[in-house]
Amino acid sequence: PALSFVLGAYFFLIQKVSLVSKTSKEFTCALVFTTGAWSAPLFYAGSIRFSYLILFGLFFLLAFCNLLLFAEREKEIDRRCRFPSLIQGIGSTAAQKLIGVLLAFVIFISFFAIFLFPAGEGIVFLPCLFMGAGLLTIELFSEKISSYRLIGDAVFYLPVLLLVLK
């Protein structure tokens, strides 16, 4: 239900307001992806705990950073195809700083949330910690990593660790 609402609002904005063309594709795609990935779990959770909201936010930031990483590496393609990108608006240097700050924030919050919440809830932040570290590694060593897309997408399979650890 939430995903269909977000998609409907997105298509409305594209058709009627043309607001989306002025925003970055990275933000919009991260929001749609996060809503799609989290709408069913939040719906079936019954009650929404504070830790779930933090996870939702961290997951959004991870998706946003991942898409910024891709856009930074593919900025020439976006420019040629006339896809609006945050990278085009703020430049590569500012984008790299933004990615670094956001990923450091995710890692910091994830680390402390592991210990702040009770053991059963805190452990769910462990994949966010590893995901943030994985994306930060791509950001720091991207010139040496040719398969950044594969690794960037694979990072989002890390939550499967929770199923294996249980």
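Details of the structure are given in the entry above.
A brief report on the enclosed structure follows. (Residues numbered from 1 in each chain as written. Predicted model: local features only at pLDDT ≥ 70, side-chain atom pairs only at ≥ 80, totals over all residues. Heavy atoms only, no water.)

## Here we look at the overall build of the chain
Regarding its fold elements, the chain presents 10 helices and zero strands. Mapped from its N terminus to its C terminus, the chain presents α and β elements in the order α-α-α-α-α-α-α-α-α-α. Expressed as a percentage of its 166 residues, the buried residues of the chain come to 36%. In the chain, of all internal contacts separated by at least 6 residues, the share reaching a separation of at least 24 is 68%. Carbon together with sulfur atoms contributes 72% to the accessible area of the chain, which is approximately 9900 Å² in total. (Helix = DSSP H or I, 4+ residues; strand = E, 2+ residues; numbered from the N terminus. Buried < 20%, exposed > 50% of the residue type's maximum accessible area, 1.4 Å probe, protein only. Contact = heavy atoms within 4.5 Å. Areas by Shrake-Rupley, 256 points an atom, 1.4 Å probe, with all protein chains shown as cover.)

## As for a nonpolar patch on the surface
On the surface, Phe-108, Phe-111, Phe-112 and Phe-115 cluster together to form a nonpolar patch covering roughly 460 Å² of accessible area. Within the secondary structure, Phe-115 sits in helix α6 (residues 92–116). Of the residues examined, Phe-115 reaches a relative accessible area of 60% and is grouped as exposed. (Patch = residues over 30% accessible without salt bridge, like charges linked within 9 Å, V, L, I, M, F, W, Y side chains within 5 Å. Salt bridge = Lys/Arg side-chain N within 4 Å of Asp/Glu carboxyl O.)

## Details of the nonpolar core
By size, the foremost hydrophobic cluster in this structure holds 33 residues, and its most contacted members are Leu-62, Phe-125 and Leu-135. Of all the secondary structure elements, the ones that give two or more residues to this core are α2 (25–44), α3 (50–73), α6 and α8 (126–141). Examining the composition of this core, we find that 13 residues originate from one element, α3, more than from any other. Leave out the neighbours within four places in its chain, and Phe-125 touches Ser-51, Ile-54, Leu-55, Leu-58, Ser-110, Ala-113, Ile-114 and Phe-117. (Core = buried A, V, L, I, M, F, W, Y, C linked by side-chain atoms within 4.5 Å.)

## With respect to the packing of aromatic side chains
Two descriptors summarise a pair of aromatic rings, namely the distance from one centre to the other and the angle between the planes of the rings. Counting across every chain of the model gives nine aromatic pairs. Arranged with centres 5.4 Å apart and planes meeting at 80°, the rings of Phe-27 and Phe-60 form a pair that is edge-to-face. One end of the pair, Phe-27, is in helix α2; the other, Phe-60, is in helix α3, with 33 residues separating them in the sequence. Here Phe-60 falls in the buried class, since its relative accessible area comes to 15%. Every member of this aromatic cluster is reached through a ring pair, and the members are Phe-108, Phe-111, Phe-112 and Phe-115. (Phe/Tyr/Trp six-rings, centres within 6.5 Å; stacked < 30°, edge-to-face > 60°.)

## Examining the side chain of Glu-72
Among the secondary structure elements, Glu-72 is positioned in helix α3. Its relative accessible area of 7% is what places Glu-72 among the buried residues. Ignoring sequence-local partners within four residues, the contact set of Glu-72 consists of Ile-87, Ser-92 and Gln-96.

## Some thoughts on the packing of α6 against α8
In contact at an axis separation of 8 Å, α6 and α8 are set at 155° when each is read in the N-to-C sense. Considering the angle they form, α6 stands roughly antiparallel to α8. In this structure, α6 crosses over α8, and the sense of that crossing is left-handed. Of the residues in α8, those touching α6 at Gln-96, Ile-99, Gly-100, Leu-103, Val-106, Ile-107, Ser-110, Phe-111 and Ile-114 are Leu-126, Cys-128, Leu-129, Gly-132, Ala-133, Leu-135, Leu-136 and Glu-139. Counted by class, the contact of α6 with α8 contains 12 nonpolar, four polar and one charged residues. (Axes fitted to C-alpha atoms, helices over the stretch in contact; angles between N-to-C directions. Parallel < 35°, antiparallel > 145°, perpendicular 65-115°, else oblique. Left-handed = near helix turned anticlockwise from the far one by under 90°. Nonpolar A, V, L, I, M, F, W, Y, C, P; charged D, E, K, R; others polar.)

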